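# Structural characterization, general
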Amino acid sequence: MKPVRLFICLFFLSCSPALFAQPVDSVRRFIDSALQILQHESVFAKGKNWKKIKTRTHTLAANATTYAATAPALHYAFNQLGDKHGWIVIDGKDYRNESFKPDTNRISTDIKAAAAKGPAIYARKLNDSITWISIPFFGGQTSAAMNRFAARIQDSLCKYTNSSTSGLIIDLRLNAGGNIFPMLVGLSEILGDGIVGISKNAKGTVVNSTVIINHGIRLNDTITIRLPRSCNDFSKVPVAVIIGPVTGSAGEGIAIAFKGRPHTILVGEATAGYTSSNQGFLLPGTDNGIVTAGEFMQDRFGNSYPDAVYPAIKIKGQDHFFDPALDGKINAAVRWLQKHRISH
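### Focus: empty space enclosed by the protein
Scanning the model with the defined rule gives 2 cavities of 30 Å³ or more in all. Approximately 50 Å³ is the volume found for the second largest cavity. Along its surface, the second largest cavity is lined by Ile107, Ser108, Ile111, Arg173, Gly244, Pro245, Val246, Glu269, Asp319 and Lys329. The residue inventory of the lining of the second largest cavity, partitioned by class, reads 4 nonpolar, 2 polar and 4 charged.

Below you can see the structure in the form of structure tokens.
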């Protein structure tokens, strides 16, 4: 998950100098550049028959005289990765692997209705000792926007918690992704200081570690976002994290960040399965580029989640997002928290 870097890549992708005609050699170099990125930068590239893929791609593009005309061939090459999270852009047109379609059948009518209301932070006290908060999608990229969103999460926690709070429910059922860093900072008083996730590249090398220090995120020794004040220390309070089929990308990253935290359980259904971290690369011409999965998200112990994040307590359906008393997942989380209370 590198939302800031990806934003920059895509911005320049849309601002590349225009080339209105391409010699045949230029088209071939264009194809080779794309194949080079797919083979050496994607976490899915290992084990693929690249000699066969390259030969087939050039055969499909044999009559191409423009970059735009290479699209069918490069779509073929991109499909060979089996990358459900990335995409390729040729002549300003986005293409994703059509073999992967969101499994909307897994999403309950209730969650679809809740998601249709748009991204919002919801929070409330369920009883005198347990607080519930829902963290939505957030796509902001500027420092100001990220800090504001992190502060909004913290403000919601401060409003509905006190010294009697003995359990917290983090609901990620409406979190389809976005920028993970302000989400983590907003929840930093729950996660506590320390490493909450790492990422490895296609070669298996650790390239990223996400660390919370004093209510801020340190990404490879660079503080990027920080809360200006502390509300309370909930790092030892039991937490139940609710996940489901909408939970994707950064939402899955938040769930993974709670993996390994003491007194923590995941409740609900398997997530959407967008657990790779995307990175963007430019190609020559106007509006051409590739966004591919360069890393898999890993928890603080280095465990990968290449398929999805799975709950420890499985509750299928039973969603009543705006009526907690009827919500099966919330009730399961409450029952677990009540059994695992700890003294402050």
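Having put the structure on the table, let's press on.
### Observations regarding the packing of helix H2 (residues 24–41) against helix H4 (residues 71–79)
Interhelical geometry of H2 versus H4 gives an angle of 10 degrees and a closest axis separation of 10 Å. In this view, H2 runs roughly parallel relative to H4, as classed from their interaxial angle. With respect to the hand of their crossing, H2 and H4 are arranged in right-handed fashion. Between H2, through Phe30, Ile31, Ala34, Leu35 and Leu38, and H4, the contact on the second element is made entirely by Leu74, Ala77 and Phe78. Here the residues of the contact of H2 with H4 are counted per class, giving 8 nonpolar, no polar and no charged.

### Notes on the nonpolar core
Counting 42 residues, the largest nonpolar core has Ile170, Leu187, Ile190 and Phe258 as the members making the most contacts within it. Within the residue set of this core, elements represented by two or more residues are helix H6 (143–160), strand E5 (167–171), helix H7 (180–186), helix H8 (188–191), strand E10 (239–243) and helix H9 (250–258). Beyond its immediate sequence surroundings of up to four residues, isoleucine 190 is in contact with Leu157, Leu168, Ile170, Phe234, Ser235, Val239, Phe258 and Arg261. Within the second largest apolar cluster, 29 residues are counted, among which are Ile31, Leu35, Ile53 and Leu283.

### So, the packing of aromatic side chains
This structure, assessed with the given rule, holds 7 aromatic pairs. Look at phenylalanine 44 and phenylalanine 296: their rings are 5.5 Å apart centre to centre, the planes differ by 90 degrees, and that puts the pair in the edge-to-face class. Here phenylalanine 44 is found in the loop between H2 and helix H3 (50–60), whereas its partner phenylalanine 296 is found in strand E13 (residues 289–298), with 252 residues between them in sequence. The exposure classification of phenylalanine 44 matches that of phenylalanine 296, with both residues buried. Judged by centre distance (4.2 Å) and plane angle (10 degrees), the ring pair of phenylalanine 138 and phenylalanine 149 falls under stacked. With a gap of 11 residues between them, phenylalanine 138 in the loop between strand E4 (130–134) and H6 and phenylalanine 149 in helix H6 connect regions that are remote in the sequence. On the accessibility criterion, phenylalanine 149 (2% relative accessible area) is buried. Through a chain of ring-to-ring contacts, three or more aromatic side chains come together here, namely Tyr122, Trp132, Phe321 and Phe322. The lysine or arginine in question, lysine 84, covers the ring of tyrosine 274, its NZ or CZ lying 4.6 Å from the ring centre.

About the thresholds
Throughout this description, residue numbers start from 1 for each chain and increase along the sequence as written. Given that the model is predicted, a residue must reach a pLDDT of at least 70 before its local features are reported, and side-chain atom pairs must reach 80 or more before they are shown or counted; all residues, however, enter totals for whole chains, interfaces and linings. Side-chain measures were taken over the full set of non-hydrogen atoms in the model, leaving aside hydrogen atoms and water. Here a cavity denotes a set of grid points, spaced 1 Å apart and computed over the protein atoms alone, in which a 1.4 Å probe fits but from which it cannot get out, and a pocket denotes an open set meeting protein on both sides within 12 Å along at least five of seven lines; residues with an atom within 4 Å of a point are reported as lining. Grid points are joined across faces, edges and corners, and a volume is the space filled by probe spheres set on the points. Any residue outside Ala, Val, Leu, Ile, Met, Phe, Trp, Tyr, Cys, Pro, Asp, Glu, Lys and Arg is labelled polar, Gly included; the first ten of those are nonpolar and the last four are charged. To get an axis, a line is fitted to the C-alpha atoms, and for a helix only the part in contact is used. The angle between two axes follows their N-to-C directions and goes from 0 to 180 degrees. Every helix listed is a DSSP run of H or I at least four residues long, and every strand listed is a run of E at least two residues long, numbered separately from the N terminus. The scheme is simple: roughly parallel for angles under 35 degrees, roughly antiparallel for over 145, roughly perpendicular for 65 to 115, oblique for anything else. Crossing handedness: left-handed means the near helix sits turned counterclockwise from the far one by under a right angle, and right-handed means the same turn made clockwise. Two residues form a contact once any of their heavy atoms are found within 4.5 Å. Side-chain atoms within 4.5 Å link the members of a nonpolar core, which is a set of buried Ala, Val, Leu, Ile, Met, Phe, Trp, Tyr and Cys residues. Think of it in three bands: with a 1.4 Å probe and only protein chains considered, a residue is buried below 20% of the maximum accessible area for its type, exposed above 50%, and partly exposed in between. A pair of aromatic rings is counted whenever rings of Phe, Tyr or Trp (Trp by its six-membered ring) have centres within 6.5 Å, and the orientation is called stacked for planes under 30 degrees apart, edge-to-face for over 60 and tilted otherwise. Placement of a charge over a ring requires the Lys NZ or Arg CZ to be within 6 Å of the ring centre, with the centre-to-atom vector within 35 degrees of the ring normal.

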